[in-house]
Amino acid sequence: MRILLVVDDEVLALKATVRLLKGQFDDVLAAESADEAEALLESNSVTHLLVDRQLTDFRLGEELIDSWKRRWSTIHYAALMTGEDVEELTVPETVDDVFPKPFDMALLRSSLQK
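Thresholds, definitions, all that
Residues numbered from 1 in each chain as written. Predicted model: local features only at pLDDT ≥ 70, side-chain atom pairs only at ≥ 80, totals over all residues. Heavy atoms only, no water. Helix = DSSP H or I, 4+ residues; strand = E, 2+ residues; numbered from the N terminus. Contact = heavy atoms within 4.5 Å. Buried < 20%, exposed > 50% of the residue type's maximum accessible area, 1.4 Å probe, protein only. Pairing = 2+ DSSP bridges. Axes fitted to C-alpha atoms, helices over the stretch in contact; angles between N-to-C directions. Arc of directions from axis to C-beta. Parallel < 35°, antiparallel > 145°, perpendicular 65-115°, else oblique. Left-handed = near helix turned anticlockwise from the far one by under 90°. Nonpolar A, V, L, I, M, F, W, Y, C, P; charged D, E, K, R; others polar. Core = buried A, V, L, I, M, F, W, Y, C linked by side-chain atoms within 4.5 Å.

Mapping Thr-17 onto the fold places it in helix H1 (residues 11–21). Excluding its chain neighbours within four sequence positions, the residues that come into contact with Thr-17 are Val-6, Leu-50 and Phe-103.

Turning to the pairing of strand S3 (residues 48–52), a few remarks are in order. Judged by how many residues are buried, S3 sits mostly within the fold: five of five residues are covered. Of the two faces of S3, the one lined by His-48, Leu-50 and Asp-52 and the one lined by Leu-49 and Val-51 are each fully buried. Looking at chain direction, strand S1 (residues 3–7) and S3 are connected through four bridges and run parallel. Note on S3: the bridge partner recorded for Val-7 is Val-51.

Spatially, S2-S1-S3-S4-S5 is the arrangement adopted by the five strands of the open sheet, whose pairing is parallel. The sheet is open, and its two borders are formed by strand S2 (27–31) and strand S5 (97–100), each paired with just one other strand. On average, adjacent strands in this sheet sit at an angle of 20 degrees to one another, irrespective of strand direction. Packed onto the sheet, H1 meets S1, S2 and S3 and runs at close to 175 degrees relative to S2. Strands in contact with helix H3 (residues 61–71) are S1, S3 and strand S4 (77–82); relative to S4, the strand with the most contacts, it is inclined by about 170 degrees.

All of the buried residues along H1 are Leu-14, Thr-17, Val-18 and Leu-21. All buried residues of H1 project into a common sector of 100 degrees when viewed along the axis, lining one side. Exposed and facing more than 90 degrees away from the buried side of H1 are Leu-12, Lys-15 and Arg-19.

Taken N-terminus to C-terminus, the directions of helix H2 (residues 34–43) and H3 make an angle of 15 degrees; their axes are 12 Å apart at the nearest point. Here H2 lies roughly parallel to H3, going by the angle between them. The way H2 lies across H3 gives a crossing that is right-handed. In contact with Ala-34, Ala-37, Glu-38, Leu-41 and Glu-42 of H2, H3 contributes Leu-64, Trp-68 and Arg-71. Split by residue class, the contact of H2 with H3 holds five nonpolar, no polar and three charged.

With that out of the way, let us pick up the nonpolar core. Of all hydrophobic cores here, the largest spans 21 residues; its most connected members are Leu-5, Val-7, Leu-41, Val-46, Leu-49 and Trp-68. When residues of this core are traced back to their parent elements, those giving at least two are S1, S2, H2, S3, H3 and S4. Examining the composition of this core, we find that four residues originate from one element, H2, more than from any other. Every residue in contact with Trp-68, bar those within four places of it in the chain, is listed here: Val-7, Ala-34, Ala-37, Glu-38, Leu-41, Leu-49, Val-51 and Ile-75. Val-6, Leu-14, Val-18 and Phe-103 belong to the second-largest nonpolar core, a separate cluster that totals 16 residues.

Any functional reading would require information that these geometric values do not contain.
Pasting the structure below:
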């Protein structure tokens, strides 16, 4: 079973991303904050993460991904979304991909097949 968790504090972007990716997974979950995401991770066997880099609670997406992948072994793939220059970012190796916003949906869908 493939379960995607999308974490983004921009509600409209979150809803649009969930709607566009729903058909590729058995379930797509949405969280507007790190705390909400952690509650969903506790109660679901999430296999894929798509996390915004800058959340309003000042926690960086790459740090969350690093922590969550170490804590939940069901997570096989984790990607970061950012409005920043992707070339300038240094991310831990637990981050599998980085996608600039707005992202290329075909590339995102293809990467999420991992």
